[in-house]
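Read off the chains here:
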Amino acid sequence: MFWPAIALVLAGALVALHFWWRARYRAEEKRAALSLQRVAEQHSQAQRQLELRQDAMLNGMTEGLILLDREGRVQLSNRALGRLFGLTEDIHSRTLMEALRRHELAALVQGLTSDEPVASSEIRISTPAERWLEVNAAAILDGAGQSSGVLLVFHDVTRLKQVERARKDFVANVSHELRTPLSLIKGYVETLLDGARDNPEVAGKFLHTIDRNADRLRLLIEDLLTISELESGRLPLQLQPVRLRELVEKVLADLRPRALNRGTELRSDIPELTVNADPVRLEQVLTNLVDNANKYGRPGGHVFVSARSAEHQQVECSVADDGPGIAPEALERIFERFYRVDKARSREQGGTGLGLSIVKHIVQSHDGRVWARSEPGKGATFYFTLPVASRTQQSAGSPPEG
Ligand code: ADP
């Protein structure tokens with residue numbers, strides 16, 4: 001009786017132990033599964049974060065980028081690349097030729113070797129817009145020196161190219177403009193030395209031509225120096241409150257003797273307006289515009305300078321003439337350096353072709369705008385804006401004397 005009871009209790013205890021172990025095992029199993037799940041979640045979160053960071057880095061770049069795998073197929077590319085080449089489709093897994101259709105790029109990649117794993121080149125693309133790209137290609141080598149892919153980076157160097165082209169054009173134009181009066185001076189001096197000086201009438205005429213061309217050279221050099229000063233920012237603007245009416249009247253008074261030669265009448269109607277400007281530069285703007293209106297207007301014509309308050313705390317000033325005006329295709333270009341509608345006419349008037357580009361430079365450096373309107377046959381009007389001097393500026397600074 002005693003033993004069976006003990007056996008029963010033991011069996012009961014064993015069953016209880018079994019269930020306890022099972023429950024504990026299950027709980028452990030559940031805990032392990034939960035922590036595994038947590039680790040997996042953390043891992044995929046970290047992976048996602050890494051991908052997001054990689055995406056942000058790749059797509060935040062201004063340079064276009066392509067990564068090719070060992071087979072030469074696109075493994076990775078960024079948004080900038082799509083923008084530069086105007087790509088509309090996914091290029092993943094395509095060959096470089098299929099993706100970008102540029103033989104020179106395929107040749108660049110094929111030329112990479114373990115001895116020369118880096119190469120660069122420049123390409124011009126015409127769609128979606130004309131651009132110049134500098135391409136740097138680098139082979140990705142494994143430990144054994146074998147290529148396991150290629151990285152291509154595309155820099156947009158269009159702006160640099162344009163600046164370079166403008167610089168070359170400028171140098172060519174300056175050389176040409178300097179050479180013309182210089183050759184004339186040299187030619188006339190040689191003729192004088194060869195005997196023309198013995199004929200006082202001829203000598204007088206030649207000396208006048210030499211004098212006129214020397215003046216042209218001087219004006220050209222002065223304008224070139226002004227442009228160089230403005231561009232280098234060596235002479236910063238001396239901004240101060242300037243009373244427009246007084247300055248315009250001074251400019252008109254200075255130019256009146258010259259206008260009289262062509263019978264041009266110079267008039268103005270300027271309300272009481274004070275602008276925040278560099279008075280010396282502003283005088284240069286007004287002088288250039290009024291002088292042009294006199295030079296290119298009709299003989300016996302009228303030049304009228306006016307001004308009004310405009311929106312955004314600006315003053316709009318205009319210089320109008322009643323001359324032959326400017327054709328629409330020329331109107332778009334007259335602010336370019338050395339652009340003249342009629343070269344011979346400009347030279348005859350002592351023009352350098354730089355006046356309006358100086359005007360544009362000065363106005364823009366005052367945060368203003370300059371433009372021209374013209375109806376051929378009905379004159380031309382040049383407009384520019386300048387910031388109004390604030391009340392504090394007006395009370396702090398004393399306006400220049402007229
Ligand atoms: P320039 O030294 O030749 O006068 P600008 O830069 O001052 O050079 O002017 C460029 C060209 O714009 C001039 O050569 C002229 O053909 C044209 N132009 C400028 N102002 C006028 C105007 N008021 N009417 C007609 N043409 C003008």
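Residues numbered from 1 in each chain as written. Predicted model: local features only at pLDDT ≥ 70, side-chain atom pairs only at ≥ 80, totals over all residues. Heavy atoms only, no water.

## Topic: the site of the ligand
Lining the immediate environment of the ligand, one finds 20 residues, of which Tyr296, Ser346, Thr352, Gly353 and Leu356 sit closest. Side-chain polar atom of Lys295 to an oxygen atom of the ligand: 3.3 Å apart, as the coordinates give it. Here an oxygen atom of the ligand sits 3.3 Å away from a polar atom, N or O, in the main chain of Gly355. About the coverage of the ligand: the protein hides 96% of its 530 Å² of free accessible area. Counting only elements with at least two residues in the shell around the ligand, the list comes to helix 8 (279-296) and helix 11 (355-365). (Near = heavy atom within 4 Å. Polar contact = N/O pair within 3.5 Å; in protein donor to acceptor, adjacent residues only side chain to side chain. Areas by Shrake-Rupley, 256 points an atom, 1.4 Å probe, with all protein chains shown as cover. Helix = DSSP H or I, 4+ residues; strand = E, 2+ residues; numbered from the N terminus.)

## Quick word on the sheet that holds strand 10 (residues 314-321)
Here we have five strands laid out as an open sheet, ordered 7-9-10-12-11, and mixed in their pairing. The open sheet is flanked by strand 7 (265-269) and strand 11 (370-374), the only strands paired with a single partner. Across this sheet, the average inter-strand angle for adjacent strands is 20°, counted without regard to direction. Bridging between strand 11 and strand 12 (residues 380-387) involves five bridges; their strand directions are antiparallel. If you follow Arg373 over to strand 12, its bridge partner there is Thr381. Across the sheet, helix 7 (residues 244-262) lies against strand 7, strand 9 (302-310) and strand 10, angled at about 175° from strand 7, the strand it touches most. (Pairing = 2+ DSSP bridges. Axes fitted to C-alpha atoms, helices over the stretch in contact; angles between N-to-C directions. Contact = heavy atoms within 4.5 Å.)

## Observations regarding helix 4 (residues 103-110)
Taken together, the buried positions of helix 4 are occupied by Leu105, Ala106, Leu108 and Val109. Along the axis of helix 4, the buried residues cluster in a sector spanning 155°; they form a single face. Facing away from the buried side of helix 4 by more than 90 degrees, the exposed set consists of His103 and Gln110. The inward-facing, buried residues of helix 4 contact strand 1 (64-68), helix 2 (79-85), helix 3 (96-100), strand 3 (118-125), strand 4 (131-141) and strand 5 (147-156). (Buried < 20%, exposed > 50% of the residue type's maximum accessible area, 1.4 Å probe, protein only. Arc of directions from axis to C-beta.)

## Overview of the pairing of strand 2 (residues 74-77)
Note that strand 1 and strand 2 share three bridges and pair antiparallel. Within strand 2, the residue paired with Leu68 across the bridge is Val74. Between strand 1 and strand 2, which follow one another and run antiparallel, lie five residues, and Gly72 among them has a positive phi close to 80°.

## Re the pattern of salt bridges
Note on pairing: side chains with opposite charge can pair once their charged atoms come close. For the structure on display, the rule yields 25 salt bridges. Between Lys250 and Asp254 there is a salt bridge whose closest N-O contact spans 3.5 Å. You can see Lys250 and its partner Asp254 sitting in helix 7, four residues apart, about one turn around the helix. Under the relative-accessibility criterion, Lys250 is labelled partly exposed at 27%. (Salt bridge = Lys/Arg side-chain N within 4 Å of Asp/Glu carboxyl O.)

## Observations regarding a nonpolar patch on the surface
Taken together, Leu14, Leu17, Trp20 and Trp21 make up a surface patch of nonpolar side chains, about 470 Å² in accessible area. With respect to the helices and strands, Leu14 occurs in helix 1 (residues 2-60). Residue Leu14 is classed as exposed on the basis of its relative accessible area, which comes to 57%. (Patch = residues over 30% accessible without salt bridge, like charges linked within 9 Å, V, L, I, M, F, W, Y side chains within 5 Å.)

## Some words on the sheet that holds strand 1
The antiparallel open sheet is built from five strands, whose spatial order is 2-1-5-4-3. In the strand order of this sheet, the two ends are held by strand 2 and strand 3, each with one partner. Averaged over all pairs of adjacent strands, the angle between strand axes in this sheet comes to 20°, irrespective of strand direction. Judged from the nine bridges that link them, strand 4 and strand 5 form a sheet pairing that is antiparallel. Looking at strand 5, one finds that Ala138 is bridged to Leu151. Along the sheet face, helix 4 touches strand 1, strand 3, strand 4 and strand 5 and points at about 180° away from the line of strand 3. Those strands touched by helix 5 (residues 158-193) are strand 3, strand 4 and strand 5, and its axis lies near 130° from that of strand 4.

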